[in-house]
Amino acid sequence: MTKAGVRWLLWVPLVAFLLFLGLVAGGLLRPADRTIVSRLVGQPMPAIALPAASASRPGLSANAGGARLVNVFASWCVPCAAEAPQLAALAKAGVPIDAIAIRDTRADVDRFLARYGNPYRSIGSDVDSRVQMALGSSGVPETFVVDGRGIIRAQKIGDIRPEDVAGLVAAVQALR
Amino acid sequence: MRFFVAFALTMAPVMAAAQSGVPPAALSDTQLPDPAAEARATALMQTLRCLVCQGQSIADSDADMAGDMRALVRRRIAAGERPEDIRAWLVQRYGDWVTYDPPLNAVTWPLWALPVLLLVIGAFVARGSFRRRGRGA
């Protein structure tokens, strides 16, 4: 190999190292987003019929209509308790909320509602996460915004924060 | 040390509450009676990704939801559904993310193209060095 060729090759390891450093720094500064968004957003809401999860409300009927929120929650889920005041505010603003209780017992759901309030119109019991998977939901709590024609318009992953309430009320009212 | 003990004590109840008290779904940890069907189900479960414990397959995970996904797979295999249809059903809801068997598309083509490309480069490098040695001898 010529002398100029060797001199040029000497820089290759340093350049490769700097590229690697850039890759690691990029991953550190902007970590990948690991939330799994449901692919059903923009698609029709699957027809869901579920038995009642609580003595206080009916279960989910397949022909539930109108613009509404569908809240996926569980009595054993701590952030679900944290979003309870926000759900209460939404219900007070006239937003219908249907709920799906994941892997729950009737006694636990009743205790949870007695403690944190019951903002729901109906509560279905999804004991083996069957409906949760049909919705493309991967955890609790999650909230789907469904419009009057039964199309899923948005999915909120994680607990609803106080700053989200006004936006959700407006969204459901606009979809009526 | 003291900090660690305090941390462990405060976190323990939260972790305990993070899984539900409902017993696992019927088919989550029970094999199907037909060995051929169970083999199909197991092969599929090993290539489906757990949604809560990201990085584990549903066959490996102890999470409640992984158990429910195993039950879903076994239930559908027992009902005569093809494994690839079950995978497609899940991909339709969770995206390609849920499968460990990546489909060939605009994002994933380098996975297949790169080995071929490296082989070609390797062949060139080998040819160059063999030639030089031949000349030197």
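Rules used throughout
- Residues numbered from 1 in each chain as written.
- Chains lettered and ligands numbered in written order.
- Predicted model: local features only at pLDDT ≥ 70, side-chain atom pairs only at ≥ 80, totals over all residues.
- UniProt positions renumbered as here; feature names shortened; annotations may be inferred.
- Helix = DSSP H or I, 4+ residues; strand = E, 2+ residues; numbered from the N terminus.
- Buried ≥ 20, exposed ≤ 12 C-beta atoms within 10 Å, placed from the backbone.
- Right-handed = clockwise from strand over helix to strand, strands pointing away.
- Domains from an automatic or database assignment.
- Pairing = 2+ DSSP bridges.
- Axes fitted to C-alpha atoms, helices over the stretch in contact; angles between N-to-C directions.
- Expected span 1.5 Å × (residues − 1).
- Arc of directions from axis to C-beta.
- Contact = placed C-beta atoms within 7 Å.

Student: Just checking my understanding: could you explain the UniProt feature "transmembrane region" (unreviewed entry) in chain B for this structure?
Tutor: The sites that UniProt annotates as "transmembrane region" (unreviewed entry) are residues 107-126 of chain B. Overall, residues 107-126 of chain B shows 90% helix and 0% strand. The separation of its end C-alpha atoms is 31 Å.

Student: Where do I start with the pairing of strand 3 (residues 122-126) of chain A in this structure?
Tutor: Side-chain direction in a regular strand flips from residue to residue, so the side chains alternate between the two faces of the sheet. All names here are of chain A. A large share of strand 3 lies buried, amounting to 5 of its 5 residues. Side chains S122, G124 and D126 of strand 3 all project onto a buried face; the interleaved residues I123 and S125 project onto the opposite face, where all are buried too. A crossover links strand 2 (residues 97-102) with its parallel partner strand 3, the connecting element being helix 5 (residues 106-116), and its sense is right-handed.

Student: Explain the domain arrangement of chain A to me, please; I cannot follow it from the model alone.
Tutor: When the parts come together, some accessible area is lost, and that loss is often what is quoted as the size of the interface. Structurally, chain A comprises domain 1 (1-32) and domain 2 (68-175). Computed from C-alpha coordinates alone, the two centres of domain 1 of chain A and domain 2 of chain A are separated by 49 Å.

Student: How should the sheet that holds strand 2 of chain A be read in this particular structure?
Tutor: Residues and elements named next belong to chain A. Sheet architecture is open: 5 strands sit in the order 3-2-1-4-5, paired in mixed fashion. Taken across any chain shown, the strands that pair with only one partner, and hence form the sheet edges, are strand 3 and strand 5 (152-157). Adjacent strand axes in the sheet meet at a mean angle of 20°, parallel and antiparallel pairs treated alike.

Student: How should helix 4 (residues 83-94) of chain B be read in this particular structure?
Tutor: For an α-helix, 3.6 residues make a turn, and residues three or four places apart therefore share a direction. Between its terminal C-alpha atoms helix 4 of chain B stretches 16 Å, which fits the 16 Å expected from 12 residues at 1.5 Å a residue. Of the residues making up helix 4 of chain B, those classed as buried are B:I86, B:L90, B:R93 and B:Y94. One side of helix 4 of chain B holds all its buried residues, which, seen down the axis, span an arc of 85°. Across helix 4 of chain B from its buried face, at more than 90 degrees, point the exposed residues B:E84, B:D85 and B:A88. In the core, the buried residues of helix 4 of chain B are packed alongside helix 6 (130-134) of chain A together with helix 2 (35-45) and helix 3 (64-78) of chain B. B:G95 occupies a position one or two residues after helix 4 of chain B and carries a positive phi of about 85°.

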